[in-house]
Amino acid sequence: MPSPAAGRATAPAPAPSTPAMVDGQVLARLRTLARRPPQSLVMEGGSAADREAAALAWAKVLNCPQGGCGVCVLCRQIDERAFRDLIVVDRQFFEDDPKTANIDQIRALLPVWGQPAHGAGSRVTVFAEAQDLHLSAANLLLKTLEEPRPGNVFVLLAPQRERLLQTLVSRSFVLTLPWPAAKVSEPDAAEWIAALLAFWDSGQGWFERTGTKGAADRALARRILSGLQRELILALSGQESPVAKRLARLGPAGLRRLDLVLAQAQEALNQPTAPVALVLDWIATAVIPK
Ligand SMILES: [Zn+2]
């Protein structure tokens, strides 16, 4: 946690979101991978903040002389995204038009990737929310990965690998982060998910639930979302759980739709003014074709 005084005096850019802890097993995995770093690493699972933290941890493991101690000058520079061998391609990176203008900005990185890192480690380029990359940008990245880029590694962050170009995934090592709900048992979220499935079958019981004042706060809504995302992964990969089985009945198109709905709902929940009950009602209704 940065001290409140730090960063307030300068910082025209919005402060990065609260740093998330990196799971110990993930860190151990990264340290093993660092012996022969894959040119491209896909990180899926977890929350967006977990994925971002894991990507920064990877940059630290590859560049900190102590293997990612987290406290040295270099590690702190990485946390503040002020490290010269770290490029984070995210919304802030595409300041003009996040949807369309990114191809030229990514093309401008090509000469950079043609050079080795400034320091003794590796230059790490992180694509946050890589599933949102414009297709032309994704194709440019794919071309980039087809050539050796000594001293450069790439990280693609996405909720699920299925949301990335298959050709990008097949050229990458995929690391799945623990799902938030898998860390602690979430009986309350599970109960809501069960109610949602019952609503899809019967059309009943959902609005009474969300309409009760104070029924679901933002934190619970996030747990419901991550629980659904976890079950969606299971359903997509053909694994069995009672919820995943029900989700699988949505069919491939329905699962894709659920994936998009969950991503949009997640974004809506990040708006502090979005009413939680409305977001939950929207999930319940948007997945089912009219
Ligand atoms: Zn360090």
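Let me sum up the structure you'll find in this document. (Residues numbered from 1 in each chain as written. Predicted model: local features only at pLDDT ≥ 70, side-chain atom pairs only at ≥ 80, totals over all residues. Heavy atoms only, no water.)

Some details on the overall build of the protein chain
Argument step 1. Looking only at helices and strands, the protein chain has 14 helices and 5 strands in total.
Argument step 2. Out of the 290 residues in the protein chain, the part that is buried amounts to 45%.
Argument step 3. Excluding contacts between residues fewer than 6 apart, the proportion of contacts in the protein chain whose partners are at least 24 apart in sequence is 71%. (Helix = DSSP H or I, 4+ residues; strand = E, 2+ residues; numbered from the N terminus. Buried < 20%, exposed > 50% of the residue type's maximum accessible area, 1.4 Å probe, protein only. Contact = heavy atoms within 4.5 Å.)

Points about the environment of Ser 241
Argument step 1. Inspection of the secondary structure puts Ser 241 in the loop between helix 11 (218-236) and helix 12 (242-248).
Argument step 2. Exposure remark for Ser 241: the relative accessible area of 13% places this residue in the buried category.
Argument step 3. Along the backbone, Ser 241 and Glu 231 are 10 residues apart, and their C-alpha atoms lie at a distance of 7.7 Å.
Argument step 4. Within the structure, Ser 241 has its side chain in polar contact with the backbone nitrogen of Ala 244 (distance 3.0 Å). (Polar contact = N/O pair within 3.5 Å; in protein donor to acceptor, adjacent residues only side chain to side chain.)

Overview of the packing of aromatic side chains
Argument step 1. Under the criterion given, the structure shown has 4 aromatic pairs.
Argument step 2. Here Trp 113 and Phe 154 contribute two aromatic rings whose centre-to-centre distance is 5.0 Å and whose plane-to-plane angle is 80°, an arrangement assigned as edge-to-face. A residue pair is termed long-range when its members are at least 10 positions apart, and Trp 113 in helix 5 (residues 110-113) and Phe 154 in strand 4 (residues 152-157) qualify at 41 residues.
Argument step 3. On the basis of relative accessibility, which here comes to 0%, the residue Trp 113 falls in the buried class.
Argument step 4. Here Phe 154 falls in the buried class, since its relative accessible area comes to 0%.
Argument step 5. Pairing Trp 192 with Trp 206 gives two aromatic rings, centres 5.6 Å apart and planes at 90°, and the pair type is edge-to-face. One end of the pair, Trp 192, is in helix 9 (residues 187-202); the other, Trp 206, is in helix 10 (residues 206-211), with 14 residues separating them in the sequence.
Argument step 6. Classification of Trp 192 as buried rests on a relative accessible area of 6%. (Phe/Tyr/Trp six-rings, centres within 6.5 Å; stacked < 30°, edge-to-face > 60°.)

Quick look at unusual backbone geometry
Argument step 1. Of note in the backbone geometry, Arg 81 takes a positive phi value of approximately 55° without being a glycine.
Argument step 2. Looking at the secondary structure, you find Arg 81 in the loop between helix 3 (73-79) and strand 2 (86-89).
Argument step 3. Even without a glycine there, the phi angle at Glu 129 is positive, about 50°.

Brief notes about empty space enclosed by the protein
Empty pockets left among the atoms are what a rolling probe the size of a water molecule brings to light.
Argument step 1. A complete count under the given rule lists 1 cavity of 30 Å³ or more for this structure.
Argument step 2. The volume enclosed by the largest cavity comes to roughly 70 Å³.
Argument step 3. Looking at the lining of the largest cavity, the element that brings in the most residues is helix 2 (residues 48-63), giving 3 residues.
Argument step 4. Within the lining of the largest cavity, the residues separate by chemical class into 7 nonpolar, no polar and 3 charged. (1 Å grid on protein atoms, 1.4 Å probe; cavity = no way out; pocket = protein on both sides within 12 Å on 5 of 7 lines; lining within 4 Å. Points joined across faces, edges and corners; volume = space filled by probe spheres on them. Nonpolar A, V, L, I, M, F, W, Y, C, P; charged D, E, K, R; others polar.)

Overview of the packing of helix 1 (residues 24-33) against helix 2
Argument step 1. In contact at an axis separation of 10 Å, helix 1 and helix 2 are set at 40° when each is read in the N-to-C sense. Put simply, helix 1 runs oblique to helix 2. The hand of the helix 1/helix 2 crossing is right-handed. For the pair formed by helix 1 and helix 2, the contact residues are Val 26, Leu 27, Leu 30, Arg 31 and Leu 33 on the first element and Ala 54, Ala 57, Trp 58 and Val 61 on the second.
Argument step 2. Counted by class, the contact of helix 1 with helix 2 contains 8 nonpolar, no polar and 1 charged residues. (Axes fitted to C-alpha atoms, helices over the stretch in contact; angles between N-to-C directions. Parallel < 35°, antiparallel > 145°, perpendicular 65-115°, else oblique. Left-handed = near helix turned anticlockwise from the far one by under 90°.)

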